[in-house]
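The primary structure of each chain is shown beneath.
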Amino acid sequence: MLRFEALSARAWFLPYLVIQVLIGAGISVLFGFYVPRLTPELAAYLVTGAPALALIPVGLAALPGLTAGQKSAGSYEYLRSLPVPRLASVAATATFFTGLALPGAAAALFLSALRYDVALSLSPLLVPAVLLTSVTAASVGAAIGHGIGNPLLTNLLTNVLLFFVILYSPILFPESHYPDWLVQVNEWLPFTHMASVLRDALTDGLVTDVARSYAVLAAWAAAGLALAGVAVSRRG
Amino acid sequence: VTAAPVAQPLRAGAGFWLEGAGSMLRWHLTGLRLLLPVVVAVQLLMGIGFVFAIGLFAPELPPRSAFFAVTGPAVVTLLNVGLILGPQLIAQQRIDGTYDYVRALPVPRSAAAAAWYGVTVVVGLPAAAATLAVGAVHYDVGLVLSWRLLPALLLTTYTGAMIGYATAHAVAEPRVTIFVSQLLIFVLLGFAPVNFPPEQMPGWLAELNRAFPFLPMGTVVRDALDEGFTSSLLESYVVLTAWAGAATALAVVLLGRRR
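Described in the following lines is the structure provided in the data block. (Residues numbered from 1 in each chain as written. Chains lettered and ligands numbered in written order. Predicted model: local features only at pLDDT ≥ 70, side-chain atom pairs only at ≥ 80, totals over all residues. Heavy atoms only, no water.)

**A word on the overall build of chain A**
For the record, the criterion: A run of DSSP states H or I qualifies as a helix once it reaches four residues; a run of E qualifies as a strand once it reaches two. Both are numbered from the N-terminal end. Throughout, radius of gyration means the C-alpha value; the globule benchmark is 2.2 Å times the number of residues raised to the power 0.38.
Secondary structure summary: chain A contains 10 helices and zero strands in total. The helix and strand sequence of chain A, counted from the amino end, reads α-α-α-α-α-α-α-α-α-α. At 18 Å, chain A has a C-alpha radius of gyration in line with the 18 Å of a compact globule built from 236 residues. Dimensions of chain A, computed from the C-alpha atoms along their principal axes, are close to 55 × 35 × 35 Å.

**Points about the nonpolar core**
To keep things clear, this is the line we draw: In this text, buried Ala, Val, Leu, Ile, Met, Phe, Trp, Tyr and Cys residues form a nonpolar core when linked through side-chain atoms within 4.5 Å. Relative accessibility thresholds used throughout: buried, under 20% of the residue-type maximum; exposed, over 50%; partly exposed, between the two (1.4 Å probe, protein chains only). Residues count as neighbours in contact if any of their non-hydrogen atoms are within 4.5 Å of one another.
Grouped together as the largest cluster of nonpolar side chains are 138 residues, with contacts concentrated most on Phe31, Tyr34 and Phe173 of chain A together with Tyr139 and Tyr165 of chain B. Those residues in contact with Tyr34 of chain A that sit more than four places away from it in its chain are Phe50, Ile54, Phe57, Ala58, Leu189, Asn195, Phe196 and Gln200 of chain B.

**Some details on a nonpolar patch on the surface**
All names here are of chain A. Where we set the bar: Patch membership requires over 30% relative accessible area and the absence of a salt bridge. Like charges are linked within 9 Å, and nonpolar side chains (Val, Leu, Ile, Met, Phe, Trp, Tyr) within 5 Å. For the area figures, the Shrake-Rupley method with a 1.4 Å probe applies, and any residue is considered shielded solely by the protein chains shown. A side-chain nitrogen of Lys or Arg and a carboxyl oxygen of Asp or Glu constitute a salt bridge if their distance falls within 4 Å.
A grouping of Val18, Leu22 and Ile23 is seen on the molecular surface, where their side chains present a nonpolar patch of about 260 Å² in accessible area. Note on placement: Ile23 falls in helix H2 (residues 10–33). Ile23 gets classed as partly exposed once you look at its relative accessible area, which sits at 34%.

**Some details on helix H8 (residues 180–188) of chain A**
Stated formally: Our arc is simply the arc of the directions from the helix axis toward the C-beta atoms.
Three or more residues of H8 of chain A are buried, namely Leu182, Val183 and Asn186 of chain A. Down the axis of H8 of chain A, the smallest arc covering the buried residues is 100 degrees, so these residues share one side. In H8 of chain A, the exposed positions angled more than 90 degrees off the buried face are occupied by Asp180, Trp181 and Trp188 of chain A. The elements touched by buried residues of H8 of chain A are helix H7 (151–168) and helix H9 (190–202) of chain A together with helix H2 (36–57) of chain B.

**Let's talk about the interface of chain B and chain A**
Bring the parts together and some accessible area is lost; that lost area is often taken as the interface size. Under the convention used in this document: Note on terms: buried area is the combined drop in 1.4 Å-probe accessible area of two parts once they are placed together, counting the loss on both. Under the grouping applied here, Gly and all other residues not named as nonpolar or charged are polar, the nonpolar ones being Ala, Val, Leu, Ile, Met, Phe, Trp, Tyr, Cys and Pro and the charged ones Asp, Glu, Lys and Arg.
The interface of chain B with chain A comprises 27 residues on the first partner and 24 residues on the second. Carbon and sulfur atoms supply 78% of the area buried between chain B and chain A, which totals about 2,100 Å² over both sides. Contributions of two or more residues to the side of chain B that touches chain A are made by H2 and helix H7 (174–190) of chain B. At 11 residues, the largest contribution of residues to the side of chain B that touches chain A is made by H2 of chain B. Partitioning the side of chain B that touches chain A into residue classes produces 22 nonpolar, five polar and no charged.

**Considering the environment of Asn186 of chain A**
All names here are of chain A. Checked against the element boundaries, Asn186 lands in helix H8. The spatial distance from the C-alpha of Asn186 to the C-alpha of Phe110 is 27 Å, given a sequence separation of 76 residues. Apart from residues lying up to four places away in sequence, Asn186 is in contact with Phe164, Tyr168, Ser169, Pro170, Thr192 and His193.

**A word on the packing of aromatic side chains**
Going by this rule: Planes of paired rings set the category: under 30 degrees apart is stacked, over 60 is edge-to-face and the rest tilted, where pairs are Phe, Tyr or Trp rings (Trp by its six-membered ring) whose centres lie within 6.5 Å. For a lysine, the NZ atom is tested; for an arginine, the CZ atom; a charge sits over a ring if that atom is within 6 Å of the ring centre and within 35 degrees of the ring normal.
Counting across every chain of the model gives 16 aromatic pairs over all chains. An angle of 50 degrees between the planes, with centres 5.9 Å apart, marks the rings of Phe68 of chain B and Phe229 of chain B as tilted. Separated by 161 residues along the polypeptide, Phe68 of chain B in helix H3 (residues 63–96) and Phe229 of chain B in the loop between helix H9 (214–223) and helix H10 (233–256) bring together distant segments of the chain. Judged by its relative accessible area of 2%, Phe68 of chain B is buried. In this structure an aromatic cluster arises from ring pairing among Phe31, Phe33, Tyr34, Phe163, Tyr168 and Phe173 of chain A together with Phe50, Phe57, Phe186, Phe191 and Phe196 of chain B. The ring centre of Tyr116 of chain A lies 5.1 Å from the NZ or CZ of Arg115 of chain A, which sits over that ring.

**Some words on the side chain of Thr219 of chain B**
Its place among the elements puts Thr219 of chain B in helix H9. In contact with Thr219 of chain B, other than residues within four places in its own chain, are Phe229, Thr230 and Ser236 of chain B.

**Comments concerning the packing of H3 of chain B against H9 of chain B**
Residue and element names in this part refer to chain B. Going by this rule: Here, axes are lines fitted to C-alpha atoms. For helices the fit covers the stretch in contact, and angles between N-to-C directions go from 0 to 180 degrees. Orientation is classified from the angle alone, with under 35 degrees giving roughly parallel, over 145 giving roughly antiparallel, 65 to 115 giving roughly perpendicular, and any other angle giving oblique. Here a crossing is called left-handed whenever its near helix is offset anticlockwise from the far helix by less than a right angle, and right-handed whenever the offset is clockwise.
At a closest axis distance of 10 Å, the pairing of H3 and H9 adopts a crossing angle of 120 degrees. By the angle class used here, H3 and H9 are oblique. The handedness of the crossing between H3 and H9 comes out as right-handed. Residues Phe67, Phe68, Thr71, Gly72, Val75, Leu79 and Leu83 of H3 pack against Phe214, Met217, Gly218, Val221 and Arg222 of H9. Classifying every residue of the contact of H3 with H9 by side-chain character gives eight nonpolar, three polar and one charged.

**Focus: unusual backbone geometry**
As a rule of thumb, non-glycine residues mostly have phi less than zero, and peptide bonds are mostly trans rather than cis. In this model, Asp117 of chain A sits at a positive phi of 55 degrees, which is unusual for a non-glycine residue. Phi angles above zero are rare outside glycine, and Asp140 of chain B is one such case at about 55 degrees. By the secondary structure assignment, Asp140 of chain B is in the loop between helix H5 (109–139) and helix H6 (149–170).

**Focus: the side chain of Asn195 of chain B**
Threshold: Throughout this description, a polar contact denotes any pair of N or O atoms lying within 3.5 Å of each other; where both atoms belong to protein, one of them has to be capable of donating a hydrogen while the other can accept it, and for residues adjacent in sequence the pair is counted only when both atoms sit in side chains.
Relative to the helices and strands, Asn195 of chain B is located in the loop between H7 and helix H8 (203–209). Polar contacts involving the side chain of Asn195 of chain B include one to the side chain of Tyr34 of chain A, which spans 2.9 Å. Once residues within four sequence positions are removed from consideration, Asn195 of chain B is found in contact with Tyr34 of chain A together with Phe50, Ile54, Phe68, Ala69, Gly72, Pro73, Val76 and Leu189 of chain B.

This is how it looks when you write it as structure tokens:
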């Protein structure tokens, strides 16, 4: 199934990669323009939030978008009928999209660090942080893509989610900028925690209580996969 | 027996043009009615949603930045329908195969374009007004309305609508059209000084924007809400009119192209 995903993606793969790198790097640059006076602390947040913002849309929006497209095109039922355990097929898609997200995230981090002249201190925790972020985003995306029948609704939901993630989740800016209730809401959602584990692996001292973030992310990843698993094994 | 010649209504003249534009306007609005809740939601998110978000990115905005945070998202709501939704609808027509049918309707090209402009105004203006009102209260920014607001809003909406219209008719591949429209919104929100003052971006990028339509759109709208906002009002109107004219010409030529 992994080969199947890779082969069916070869037409849109390259342009997609270019766009993802550009948008990943672009987002942290453009949000810098919104700030009248950029302090070194804010610059560090912008740079270390960039990889999270590059990773999240791939799993959360591109993956369910693909599933929605298969439902519109009618190939969804065909794929379900292939003699492959359905959860294996979900896992293959999620793995593929995780791999797809990595170059963009790396480029976003590298380019934005260059632009804001921020020194990073990479720790070995970066590997689990990146993997858990991508897997969680892809699991939640898979749950949305498989769980919702109407492709239009899927696209609407993922766009609204992306809007919330980009504008109203403390990812590129410190939590102190956001009202308390919004911070509380984000405590229970995965997005800010994705930024936290990545930021923790890229800097010294900007993030505390990262264990809780890992726990919340693991819970979302498990719940997303379980939901997606139930949705695909349902008989239609 | 020979049939008596049937009188054919004249397919020309102001009456025919107006009738065509009116029919197309009704056509668009009827076609959009299922999408309308989504369109309204998008308008509110892109307008009011951005107004609040800018304050989260930078608490304690200086007055000039706050003025941009109020007026910028209003400009964006004027452009959403023309620049984003329009091209995507036309791309969808190409995918569905209804594109040629719509082109074949007996309506003058300019009337069809005018009807689409009517749609962008009907959906854009209320959203812009709501965004301005909410923003002015949220940031405590005093707006001074002048008569220049009307031409500024109408020309901004028109230019956006025609750029989107020309793009959608110029590009045959629907996926490319959708990509271009997304690229435009990305530039509009991030790389043009619309939601934030030009001095917050690198000087060369701000200078570059003077030749493109987004900065002048912001300038003409802001000047109509704050007396003496700019000393380059004429330049902004000239640049904007040039873009509007070029996009209109391109759209009308493309619509009339035979294949």
